[in-house]
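Coordinates in review
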Amino acid sequence: MDKRSVYLDHQTTTPVLEEVLQSMLPYFREAYGSPSSLHRYGLQVREGLKEARQRLAALINAESEEDLIFTSGGTEAANLALKGFAEANHRKGNHFVISAIEHPSVMNSIEYLTKHGFEVTSVPVDAVGRINPEDIRNAITDKTILVAVHLVNHDIGTIQPVKEIGRITAEKGVALYADATAAAGWMPIDVRDLGVQLLTFSPHRFYGPKGVGVLYRNRRARVTSLIHGGVQENGRRAGTENVPAIIGAGVAAEVALRDSSEWVAHVASLQKRLYTGLWKNIRYIKLNGPEPGPLRICNQLNLSTEFIEGEGQLLLLDYQGIAVASGSSCVSKSLKVSHVLSAIKLDHALAQGNIIMSLGKDNTSEDVDYVLDTFPKIVDKLRNMSPMWKEFEEGVIDSVISPTGHGKSFTQHAADISGKPAH
Amino acid sequence: MKDTKEYTLYNDTVMDHFLNPRNMGDVQEADGVGEVGAAACGDIMKISLKIREGKIEDARFKTFGCGSAIASSSMATELIKGRTLEEAKNFSNQEVVDALGGLPPVKIHCSVLAEEALKAAIEDYEAKQAAQSSKSADLVSA
């Protein structure tokens, strides 16, 4: 098979749609005014901004476009949702409830808040990364001001029972924030149906531009500004708006609302083809997160291939033109495996051999077949190079995925030869 | 902007040793074998040696680890072949880093792992030698 270029990292970012790009271009040189200005240049841009806000509000079924605040990206939106809400509501309480597998933008914002007088309870997840709503209920105290969970996990694709959690927070009179970054554009989102007061997402995950994020907050949730300056975004986020990006984000939202069911049907069929093919062609491979279906987002697979490490897989795939991500410690700048994989109690050896393939609307079944042809060869090459594979064949170490009952665990073996636990 | 095909995570030398590793495998009837693990990241490296008249005649590696760990073990085995045991005992990871034309700071520990695997293999050889000479001493005294 010829070398192809197959981008399988759509969960990280996507290219902008042609109509998104075209919608943005006039806002660089023709409609270049600032929406805060009172002259016609400003008014022209203000109108474009309002339209974008309406389109983005429609994507999540917000009551009003006034409930949306534009930020520099999903991370800033999450920071504003959490720190802004904490500051505005600290007189009511100082306690947050989150899950153990939130995105770093949530985890690290919360960690920051715990250094400034706030407290957090992090609820565990099950083996496929699902939050149990009853755990959330039990973690809520009379000091709790906010529950923060995600709609879809960024790492293992688990869809969370946010609506059920929303019933609990409503009953308890606590606000609910949902990070919808890995969900927006790839599943329907209805903030009213979910019962969330705060929600964030990032248009570059569904063919919009980078440099813009969205915080939805309904009028019952007060948020204090983090960036101080002028009175843009009704005083909740100072600084001249990134107008071209916001315009593009609006168009991306409009297209997503129109075409998303088509995208979803297409990528879900590719997801199934990839899943079936990989498991047919490769032994000792494990899916992290739920099986493709109602509990898993349609556009990605997170897999662990035993006896080999993830960065090597990523590099060899890249060399063959296939772009993927990995949660292996070797890929992380901190040398730690993904906290999501730790939270689902994935064996360290399997966490090390982890890669994430995320599909987009432009991937084809030929792309998937190319991966199915290429990846098994890469696995063979790396297993040939790995001391673990031979030691497994000789019965020195055992497989975690399909134990034979012979040999010690990888983790034990790694500890024996390094004198310290492998992780 | 260059084409995406022009970009690689590591420099050309590291990529070459990762894509076309030298000395990959196990020395048959090895005289010394060292297998070490990195507590920091979980990588594992194994080096096996053939030693003749105090010299490293052959060196092979197997590695469970990232691109730079594989490249480091490939380069380390390449460098130490033909060296005397005394020279090999003074082998430093810096030599691997230099020969590879540098590694990212977060990946320097991969080259340390190669140095450790080599030294573990030499220790294994020397321990076997010592066991053998005490065994032959036992035979003589018996």
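A brief structural summary. (Residues numbered from 1 in each chain as written. Chains lettered and ligands numbered in written order. Predicted model: local features only at pLDDT ≥ 70, side-chain atom pairs only at ≥ 80, totals over all residues. Heavy atoms only, no water.)

**Describing the nonpolar core**
Under the convention used in this document: By convention a nonpolar core is built from buried Ala, Val, Leu, Ile, Met, Phe, Trp, Tyr and Cys residues, the set being connected through side-chain atoms within 4.5 Å. A 1.4 Å probe rolled over the protein chains alone gives each residue an accessible area, and that area as a share of the maximum for its type sets the label: buried under 20%, exposed over 50%, partly exposed in between. Any two residues having at least one pair of non-hydrogen atoms within 4.5 Å are treated as being in contact.
Judged by nonpolar contacts, the single largest core of 144 residues is most densely connected at Leu151(A), Leu199(A), Phe201(A), Phe206(A), Met357(A), Phe375(A) and Leu49(B). Contact partners of Met357(A), with chain neighbours within four places excluded, come to Leu8(A), Leu274(A), Leu278(A), Asn299(A), Gln300(A), Leu301(A), Leu317(A), Val324(A), Val371(A) and Phe375(A). Counting 23 residues, the second largest nonpolar core, distinct from the first, contains Ile69(A), Leu80(A), Phe96(A) and Phe118(A).

**Side note on the pattern of salt bridges**
Residue and element names in this part refer to chain B. Formally: Salt bridges, as used here, are contacts in which a Lys or Arg side-chain nitrogen is within 4 Å of a carboxyl oxygen on Asp or Glu. Put simply, DSSP marks the helices as runs of H or I at least four residues long and the strands as runs of E at least two long, and each gets a number from the N terminus on.
If you walk through the whole model with that rule in mind, you get 30 salt bridges over all chains. When the shortest N-O distance is used, the salt bridge between aspartate 16 and arginine 22 registers 2.7 Å. Classification of arginine 22 by relative accessible area gives partly exposed; the value is 25%. Across the pair glutamate 86 and lysine 89 runs a salt bridge whose closest N-O atoms are separated by 3.4 Å. One end of the pair is glutamate 86 and the other is lysine 89, both in helix α3 (residues 85-89) and 3 residues apart, which spans about a single turn.

**Observations regarding the interface of chain B and chain A**
Selection rule: Two parts placed together each lose some accessible area under a 1.4 Å probe, and adding up what both lose gives the buried area. Distance and chemistry together define a polar contact, namely a pair of N or O atoms within 3.5 Å, with one atom able to donate a hydrogen and the other to accept it when in protein, and with adjacent residues in sequence counting only for side-chain atoms on both sides. Any residue outside Ala, Val, Leu, Ile, Met, Phe, Trp, Tyr, Cys, Pro, Asp, Glu, Lys and Arg is labelled polar, Gly included; the first ten of those are nonpolar and the last four are charged.
Opposite the 30 residues of chain B that make contact, chain A presents 33 residues. Around 2500 Å² of area is buried between chain B and chain A when both sides are counted, 65% of it from carbon and sulfur atoms. Ranking the residues of chain B by area buried against chain A places Leu19(B), Glu35(B) and Phe64(B) at the top, with a combined share of 24%. On the surface where chain B and chain A come into contact, there are 3 salt bridges. Linking chain B with chain A are 9 residue pairs in polar contact (both at pLDDT 80 or more), by the criterion used here. Counted by class, the side of chain B that touches chain A contains 16 nonpolar, 7 polar and 7 charged residues.

**What to know about the pairing of strand β10 (residues 300-305) of chain A**
Residue and element names in this part refer to chain A. So the rule is basically this: When DSSP finds two or more bridges between a pair of strands, those strands are recorded as paired.
Summarising burial for β10: 6 of the 6 residues are buried, a large majority. When β10 meets strand β12 (residues 354-358), the two strands line up antiparallel, connected through 5 bridges. Among the inter-strand pairings, asparagine 302 is bridged to a residue of β12, identified as isoleucine 356.

**Looking at the environment of Gly32(B)**
Residues and elements named next belong to chain B. The residue glycine 32 is located in strand β1 (residues 32-37) in this model. For glycine 32, a relative accessible area of 0% corresponds to the buried category. Residues glycine 32 and lysine 135, 103 residues apart in the sequence, show an inter-C-alpha distance of 18 Å. Once you skip the residues sitting within four places of it in the chain, glycine 32 turns out to touch Ile47, Ser48, Leu49, Ala121, Asp124, Tyr125 and Lys128.

**Here we look at the packing of helix α3 (residues 40-59) of chain A against helix α9 (residues 243-281) of chain A**
All names here are of chain A. Let me state the cut-off plainly: Only C-alpha atoms enter the line fits that serve as axes; for helices the fit covers just the stretch in contact. Angles between N-to-C directions range over 0 to 180 degrees. Take the far helix as the reference: if the near one is turned anticlockwise from it by less than a right angle, the crossing is left-handed, and if turned clockwise, right-handed.
Put simply, α3 and α9 touch, their axes get as near as 8 Å, and they point 35° apart. Crossing hand, α3 versus α9: left-handed. Contacts between α3 and α9 involve Val45, Gly48, Leu49, Ala52, Arg55, Leu56, Ala58 and Leu59 on the former and, on the latter, Val243, Ile246, Ile247, Ala249, Gly250, Val251, Ala253, Glu254, Ala256 and Leu257. For the contact of α3 with α9, the class distribution of residues is 14 nonpolar, 2 polar and 2 charged.

**Brief notes about helix α15 (residues 410-418) of chain A**
Definition in use: The arc in question is the one traced by the directions running from the helix axis out to the C-beta atoms.
For α15(A), every residue scored as buried is listed here: Phe410(A), His413(A), Ala414(A) and Ser418(A). For α15(A), the arc enclosing every buried residue in end-on projection is 115°, short of the 170-degree limit, so these residues lie on one face. Contacts made by the buried residues of α15(A) are with α12 (348-352) and α14 (387-393) of chain A together with β1, β2 (44-52) and β3 (55-64) of chain B.

**A short note on unusual backbone geometry**
Residues and elements named next belong to chain A. Residues other than glycine seldom take positive phi values, yet asparagine 234 does so here, at roughly 55°. For asparagine 234, a relative accessible area of 54% translates into the label exposed. Backbone geometry places tyrosine 284, a non-glycine residue, at a positive phi of 55°. Here tyrosine 284 shows up in the loop between α9 and β9 (285-288).

**Brief notes about the sheet that holds β1(B)**
Residues and elements named next belong to chain B. The 3 strands are arranged β1-β2-β3 in an open sheet whose pairing can be described as antiparallel. Looking along the sheet, the strands with just one partner apiece sit at the ends: β1 and β3. Strand after strand, the sheet turns through a mean of 15° between neighbouring axes, direction not considered. Taken together, the 9 bridges between β2 and β3 define a ladder with antiparallel strand orientation. Bridging across to β3, methionine 45 finds its partner in threonine 63.

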